Amino acid sequence: MLKIIVLGGGVVGISTAYFLTQADHEVTVVERREGPGLETSFANGGQISVSHAAPWSRPELPGQLIRWIGRRDAPFRMVPQPDLDMWRWGIAFLRNCNSSRFHENAVRLQRLSTYSQEMLTRVRESSGIQFHHTARGILSVFRSQEAFDAAAVHAEALRDEGVNKEVLDVNSCFSREPALRNSDVPIRGGVFSPLDECGDAHIFTCELADHCSRRGVTMLYDTHVQTIDTVGGKAIGVTTDQGHLAADAVVIALGSESPRLARPLGIKLPIYPVKGYSVTIPIEGRNQAPSMGIADEERKIVVARLGDKLRAAGTAELVGYDRRIDERRAHSVLKPMLELFPNGGDADKVEFWIGLRPMTPDGSPVIGQTDIQNLYLNTGHGSVGWTLACGSARLVSDMISGTQSDVNPTVWSLGRYH
Ligand SMILES: Cc1cc2nc3c(=O)[nH]c(=O)nc-3n(C[C@H](O)[C@H](O)[C@H](O)COP(=O)(O)OP(=O)(O)OC[C@H]3O[C@@H](n4cnc5c(N)ncnc54)[C@H](O)[C@@H]3O)c2cc1C
């Protein structure tokens, strides 16, 4: 049994603590906030995108970025910062926007998302936790014929690779999701991913944290990690604003903040925050909210029903660590959701939220041992951290425990950036 400190109490850190305690280690989670899941894991899009997860660095993106320049409601926005890390990250991201890298990155992501779904199912079944989980699939809808035709070709190609996708004409979309019949905008067709699921990542994180506490995991909230301490190239613990904590192993699961703690140790993490918005409205008895996950591929938003709430999430902004809410940007997420589901909920009671996605240039997390002995990474989950949390947590737990992993662990290492 090892004494292990997990840094960060987001969905990734808490899932990591769960698998480590399952493997009989003595685990402590250190989180600066007053509870679990209050940063990027708080109000995300809720999509568990098993067959939908794809890297953002794709061949067509550079052209789209140019077309979006100057548009206030564009899905992507960049405010250049006097920050070398942003430029380095941006260049590395663009280098991944070619067909061969995209394919390689997509396959890697697909493998982990499939494995992660299996692990999430195990967590759900063995812990019994509830988090507004639904397994009704995710339907991507298209407003223009051109986009639908292109998506249909892409879906067929994915089907050839064994990914479960169904191309649906407009009437089949309405049969699958009757709430779409009320859409204010025309729908030309859709692509249905039957294996995909939805759930509230924040509730999951809180419930799993409670479950872990009952199994003996120590949760240190309101505790700010200041340094990771090493002796002779070996991690020996951390210093926090509450004092020193000793450990046999340390896992960095600090989301967008990970690079800041790793840098003093000479570890350069290719992670940069990509800001996104979500909007949440109460359904309050209205009967036109969707029951399955929806992706509006042209407006770049996802929509999920989470219990008695309807949520949409989207936008990507390179604005450094700026956490301010710009209501105009938030409305660029709310508007397309209300176009699709005009009576899906009470928009007068909308709640806006932003989160900083811990994004790597190739869209996959970095998981595994660092050059410092006993210091591990489980971070950089970008736009799919909820989808990947349980799989990557199990992976890092297996690595620390020296257990043979079900998926190839080497492809996730930081080494792929050197
Ligand atoms: C708008 C939006 C929509 C999204 N939609 C989806 C979706 O539909 N599906 C999906 O799979 N993913 C989605 N994501 C991505 C997903 O939310 C993230 O990848 C995931 O939450 C990252 O989890 P994490 O635990 O790594 O980071 P976090 O949740 O940010 O956790 C890191 C924790 O570390 C703590 N911390 C940081 N520094 C310190 C320190 N020095 N000391 C102590 N604690 C510290 C923070 O307080 C935080 O709680 C979305 C993200 C956004 C922004």
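What you see is a predicted model; the values in this text were computed from it and never measured. (Residues numbered from 1 in each chain as written. Predicted model: local features only at pLDDT ≥ 70, side-chain atom pairs only at ≥ 80, totals over all residues. Heavy atoms only, no water.)

Asks: So what about the side chain of S278? Which residues, and what values?
Replies: Relative to the assigned elements, S278 resides in strand β14 (residues 272-282). When sequence neighbours within four positions are dropped, the list of residues in contact with S278 reads A43, R311, A312, A313, E351, F352 and W353. (Helix = DSSP H or I, 4+ residues; strand = E, 2+ residues; numbered from the N terminus. Contact = heavy atoms within 4.5 Å.)

Asks: Mind laying out the domain arrangement of the protein chain, listing which residues take part and the relevant values?
Replies: Many analyses report the size of an interface as the accessible area lost when the parts associate. As far as domains go, the protein chain holds domain 1 (3-41 + 203-270 + 363-417) and domain 2 (47-110 + 126-142 + 174-195 + 272-359). The C-alpha-based centres of domain 1 and domain 2 are spaced at 26 Å. Facing 28 residues of domain 1, the contacting portion of domain 2 comprises 28 residues. When the two sides are added together, the surface that domain 1 and domain 2 hide from each other amounts to roughly 2400 Å², 59% of it contributed by carbon and sulfur. Viewed at the interface, domain 2 and domain 1 are joined by three salt bridges. (Domains from an automatic or database assignment. Buried area = accessible area lost by both parts, 1.4 Å probe. Salt bridge = Lys/Arg side-chain N within 4 Å of Asp/Glu carboxyl O.)

Asks: Can you break down the sheet that holds strand β13 (residues 249-252) residue by residue, with the values?
Replies: Read from one edge to the other, the open sheet built from six strands follows the order β9-β2-β1-β13-β20-β19, with strand pairing classed as mixed. On the outer flanks of this sheet lie β9 (218-220) and β19 (366-369), each paired with one strand and no other. Recorded for the sheet is a direction-independent mean angle of 20° between the axes of neighbouring strands. Relative to β9, strand β2 (residues 26-30) runs parallel, the two being bridged by three bridges. For V29, the partnering residue across the bridge sits in β9 and is M219. (Pairing = 2+ DSSP bridges. Axes fitted to C-alpha atoms, helices over the stretch in contact; angles between N-to-C directions.)

Asks: Mind laying out helix α7 (residues 201-214), listing which residues take part and the relevant values?
Replies: Residues that lie three or four places apart on an α-helix share one face, since the helix turns once every 3.6 residues. Across its 14 residues, α7 extends 20 Å between first and last C-alpha, which sits within 8% of the 20 Å expected from 1.5 Å per residue. Of the positions making up α7, those classed as buried are A201, H202, F204, T205, L208, A209, H211 and C212. For α7, the secondary structure elements touched by its buried residues are α1 (11-22), α4 (99-127), β9 and α10 (385-401). Sitting at the amino-terminal end of α7 is D200, which places a side-chain oxygen 2.9 Å from the backbone nitrogen of H202. One or two steps after α7, the chain reaches G216, where phi turns positive at roughly 105°. (Expected span 1.5 Å × (residues − 1). Buried < 20%, exposed > 50% of the residue type's maximum accessible area, 1.4 Å probe, protein only. Polar contact = N/O pair within 3.5 Å; in protein donor to acceptor, adjacent residues only side chain to side chain.)

Asks: So what about unusual backbone geometry? Which residues, and what values?
Replies: One non-glycine residue, D24, lies in the positive phi region at around 70°. Structurally, the position occupied by D24 is in the loop between α1 and β2. You can call D24 exposed: its relative accessible area is 54%. The phi torsion at D222 lies on the positive side, around 50°, for a residue other than glycine. Assignment of secondary structure puts D222 in the loop between β9 and β10 (225-231).

Asks: Please set out the sheet that holds strand β11 (residues 234-240) residue by residue, giving values where relevant.
Replies: Read from one edge of the open sheet, three strands run β10-β11-β12, paired in antiparallel fashion. Single-partner strands in this sheet number two, and they are β10 and β12 (243-246). Mean inter-strand twist for the sheet, computed between neighbouring axes without regard to direction, equals 30°. In this sheet, β12 lies alongside β11 in antiparallel orientation, the contact comprising four bridges. Bridging across to β12, T240 finds its partner in G243.

Asks: Which residues make up the pattern of salt bridges, and what values do they have?
Replies: Evaluated as defined, the whole model comprises 26 salt bridges. For the salt bridge of E257 with R260, the shortest nitrogen-to-oxygen distance reads 3.1 Å. Taking relative accessible area as the criterion, R260 reaches 43% and is therefore assigned partly exposed. In this structure, E317 engages R329 in a salt bridge whose closest nitrogen and oxygen atoms are separated by 2.5 Å. Taken together, the residues span a long stretch of sequence, with E317 in strand β17 (residues 309-318) and R329 in helix α9 (residues 327-340) at a distance of twelve residues. Among the ionic contacts, a cluster of salt bridges with common partners joins R32, R33, E34, E39, E257, R260 and R323.

Asks: Which residues make up the nonpolar core, and what are the values?
Replies: Nonpolar side chains in soluble globular proteins tend to end up buried together. F204, L208 and W386 are the most contacted members of the largest nonpolar core, which totals 45 residues. Residue assignment for this core shows that the elements contributing at least two residues are β1 (3-7), α1, β2, α4, α7, β13 and α10. If you tally residues by element for this core, the top one is α10, at eight residues. Inspection of this core shows a minimum of three residues originating in each of domain 1 (3-41 + 203-270 + 363-417) and domain 2 (47-110 + 126-142 + 174-195 + 272-359). With near-sequence residues (within four places) excluded, W386 lies in contact with V11, N44, G46, Q47, I48, L120, F131, G199, D200, A201 and F204. (Core = buried A, V, L, I, M, F, W, Y, C linked by side-chain atoms within 4.5 Å.)

Asks: I'd like a description of the packing of aromatic side chains, backed by residues and values.
Replies: With the rule as written, the count across this model stands at eight aromatic pairs. Measuring from ring centre to ring centre gives 5.1 Å for W89 and F93, while their planes differ by 20°; the resulting arrangement is stacked. Residue W89 and its partner F93 are both found in helix α3 (residues 84-95); the two are separated by four residues, about one turn of the helix. Assessed through its relative accessible area of 7%, W89 is described here as buried. Relative accessible area serves as the criterion here: at 10%, F93 is assigned to the buried category. On the basis of an interplanar angle of 50° and a centroid distance of 4.9 Å, the ring pair of F204 and W386 is categorised as tilted. Of this pair, F204 sits in helix α7 while W386 sits in helix α10, and the two are 182 residues apart along the sequence. This pair shows no difference in class: F204 is buried, exactly as W386 is. Taken together, the ring pairs in this structure connect W89, F93, Y272 and Y321 into an aromatic cluster. Looking at R260, its charged tip hangs above the ring of Y321, at a distance of 3.9 Å from the centre. (Phe/Tyr/Trp six-rings, centres within 6.5 Å; stacked < 30°, edge-to-face > 60°. Lys NZ or Arg CZ within 6 Å of the ring centre and 35° of its normal.)

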